[in-house]
Amino acid sequence: MIEPEIAKLLSIDGIDSRFTLCAVVSKRARQLTDELHAADRDCKDVPEKKLSLEHGKAVAEAVYELYEGKLEFTKLDPAE
């Protein structure tokens, strides 16, 4: 994945490390995958209906959602 660059993603407010970036993106990617599987099950009677993501794969879609500001998340404060 070349675009958007990691440096641009790490500059997003709330993303303080690569670990946080990975956690946020992977959680959203799992949600997208689950949504696609549920939609495929609901549309199994319509063979010509094929659901897809705009950017091809769930991780790429999640990265672009984060980069474009469509993905909201809350960063918890560290335990004291």
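Before reading on, note that the structure itself is shown above.
Bear in mind that the values here come from a model prediction, so they are computed numbers and not experimental data.

Caption draft 1: Just the overall build of the protein chain, in detail. Along its length, the protein chain carries three helices and zero strands. Going from the N terminus to the C terminus, the protein chain shows its helices and strands as α-α-α. Within the protein chain, contacts between residues at least 6 apart in sequence are counted, and of these 59% link residues at least 24 apart. Carbon and sulfur atoms form 52% of the exposed surface of the protein chain, whose accessible area is close to 6,300 Å².

Caption draft 2: Layout of the nonpolar core. Residues L21, V25 and L66 are the most contacted members of the largest nonpolar core, which totals 13 residues. If you list the elements that add at least two residues to this core, you get α2 (18-42) and α3 (58-67). In terms of residue count, α2 provides more of this core than any other element does, five residues in total. Residues within four places of L21 in sequence aside, it is in contact with I6, L9, L10, I15 and L66.

Caption draft 3: Here's a closer look at the side chain of T20. If you trace the backbone, T20 turns up in helix α2. T20 gets classed as buried once you look at its relative accessible area, which sits at 16%. When sequence neighbours within four positions are dropped, the list of residues in contact with T20 reads G14 and I15.

Caption draft 4: Focus on the layout of surface pockets. Taken as a whole, the largest pocket encloses approximately 280 Å³ of empty space. Together, 13 residues line the largest pocket, and A23, V24, K27, F73 and T74 are the ones closest to its centre. Within the lining of the largest pocket, the residues separate by chemical class into six nonpolar, three polar and four charged.

Caption draft 5: Expanded view of α3. Burial analysis of α3 places seven of its ten residues in the buried class, the great majority of the element. Just downstream of α3, G69 is the residue with a positive phi angle, here 80°.

Caption draft 6: Representation of empty space enclosed by the protein within the structure. Evaluation of the coordinates by the stated rule reveals one cavity of 30 Å³ or more. Put simply, the largest cavity is a space of about 30 Å³. Taken together, E54, H55, E61, Y64, E65, E68 and K70 form the lining of the largest cavity. The class makeup of the residues in the lining of the largest cavity is one nonpolar, one polar and five charged.

Reading the values: rules and limits
- Residues numbered from 1 in each chain as written.
- Predicted model: local features only at pLDDT ≥ 70, side-chain atom pairs only at ≥ 80, totals over all residues.
- Heavy atoms only, no water.
- Helix = DSSP H or I, 4+ residues; strand = E, 2+ residues; numbered from the N terminus.
- Contact = heavy atoms within 4.5 Å.
- Areas by Shrake-Rupley, 256 points an atom, 1.4 Å probe, with all protein chains shown as cover.
- Core = buried A, V, L, I, M, F, W, Y, C linked by side-chain atoms within 4.5 Å.
- Buried < 20%, exposed > 50% of the residue type's maximum accessible area, 1.4 Å probe, protein only.
- 1 Å grid on protein atoms, 1.4 Å probe; cavity = no way out; pocket = protein on both sides within 12 Å on 5 of 7 lines; lining within 4 Å.
- Points joined across faces, edges and corners; volume = space filled by probe spheres on them.
- Nonpolar A, V, L, I, M, F, W, Y, C, P; charged D, E, K, R; others polar.

Shape descriptors only; they carry no functional weight alone.
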